[in-house]
Each structure stands twice: as C-alpha cells, then as structure tokens.
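Structural overview
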Amino acid sequence: MILVGFMGAGKTTIGRLLGKKLGLAFLDLDSAISDEAEMTIPNLFKERGEAGFRQLELEILQKHLGQAGVLSTGGGCVETELVRALLKEQANVVYLASSFDLLYGRIVNDPLVCRPIVKQKSRQELEALYQQRLVLYEEVADVKIETDGLSPWQIADLIKCLTS
C-alpha cells in the first residue's frame, strides 16, 4: 500500500498506524532517502538541489516498490513523470486529500519537520503548487480519501476497509 498527498496530509502518521493495524512493515520514503544519502532532506536539497533529490527519490522508490508493507511518499514525488508511471503500476495507491487551508496550517506550524520548499515559497506559491499537484495525485491513486475532519485512526480504519 502506498500513500500519496500534499505536505502535511498525514502520510507518515497514517502510514505508521496503518502498518500496525494491518501487521505490515512501514517505510517513510523521505526517511529512507535521508538514510541513503546520510544527510537530512534540507541538506540534501542544499547539496544536490531539487533535481538531485528527485533522482534519489526515484531510485529509493524503485528499490522498495513491490515489497509488502505500507509506504508513505513525499508530497512532491508525483512531479517526476517516471515516479507517476511506477505508482500507476502499483495496487492500493491511496491519495490522502485535504483542503489547502488545513494543510497550510500544519506545514507552517510543525516545528519537528523542516520542509525546504515551505521556507522558499509564499502562501500563494504553496497554494499554486498544491493546485498543480492535485491532478497528479488523482492520476496515480486507486483510492481518494477526503481526510478533513477525520482523526488519523479514522483515516487508517477507512483505508483498511476500502482496500481490503
């Protein structure tokens, strides 16, 4: 099972819960990228730029596709055409859809997560990026779940029901 969605959609939180509920391993793609590169995502962006990051993201995704478990992707992975093609070949790609206002509140107020793109863009630029990616998430997803107003547990239960 693969979770996609914009930054702040809860892919990692819900992925962990879902893995526990289903008795499956959980992998956060951004964490795997950071481990492979032996540096944080912000440092990876600084050292290699977004293009270098996206290439490594593709390589790590290819390495883990097809393994049993729950995989949470980064919010921008769908911008890479080959990533989209790979995701479309998979079963159970779940798009966690949320309103921009909710997501924006999460991503600018999360002290535990440093998102390089958030620091570089205004609210209007982030909303334009959100709008641009919506169609890409829908393109790769087998299931779309509107998550506004739902708790992570409710979302995990809904995913379990819809993909079983």
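This report concerns the structure included in the present document. Predicted model only: the values in this text are computed from it and were never measured.

We now examine the pattern of salt bridges. A complete count under the given rule lists ten salt bridges for this structure. For the salt bridge of Lys-21 with Asp-157, the shortest nitrogen-to-oxygen distance reads 2.5 Å. Residue Lys-21 is found in helix H1 (residues 11–22), and its partner Asp-157 is found in helix H8 (residues 152–163); the two are separated by 136 residues along the sequence. Judged by its relative accessible area of 27%, Lys-21 falls in the partly exposed class. Of the residues examined, Asp-157 reaches a relative accessible area of 34% and is grouped as partly exposed. Put simply, Arg-54 and Glu-50 hold a salt bridge, and the shortest N to O gap is 3.2 Å. Placement of both Arg-54 and Glu-50 in helix H3 (residues 41–64) is noted, with a separation of four residues, approximately one turn of the helix. Arg-54 sits in the buried class, given a relative accessible area of 10%. Under the relative-accessibility criterion, Glu-50 is labelled partly exposed at 36%. Each of Glu-50, Arg-54 and Glu-57 takes part in one network of salt bridges that share partners.

Okay, the pairing of strand S4 (residues 93–97) next. With five of five residues buried, S4 lies mostly within the body of the structure. With burial as the criterion, each face of S4 is covered, one bearing Val-93, Tyr-95 and Ala-97 and the other bearing Val-94 and Leu-96. Examined bridge by bridge, strand S1 (residues 2–4) and S4 share three bridges and lie parallel to one another. Note on S4: the bridge partner recorded for Leu-3 is Val-94. As paired elements, S4 and strand S5 (residues 143–146) share four bridges and run parallel to each other. Bridge pairing in S5 links Tyr-95 to Lys-144.

Each value, and the rule that gives it
Residues numbered from 1 in each chain as written. Predicted model: local features only at pLDDT ≥ 70, side-chain atom pairs only at ≥ 80, totals over all residues. Heavy atoms only, no water. Salt bridge = Lys/Arg side-chain N within 4 Å of Asp/Glu carboxyl O. Helix = DSSP H or I, 4+ residues; strand = E, 2+ residues; numbered from the N terminus. Buried < 20%, exposed > 50% of the residue type's maximum accessible area, 1.4 Å probe, protein only. Pairing = 2+ DSSP bridges.

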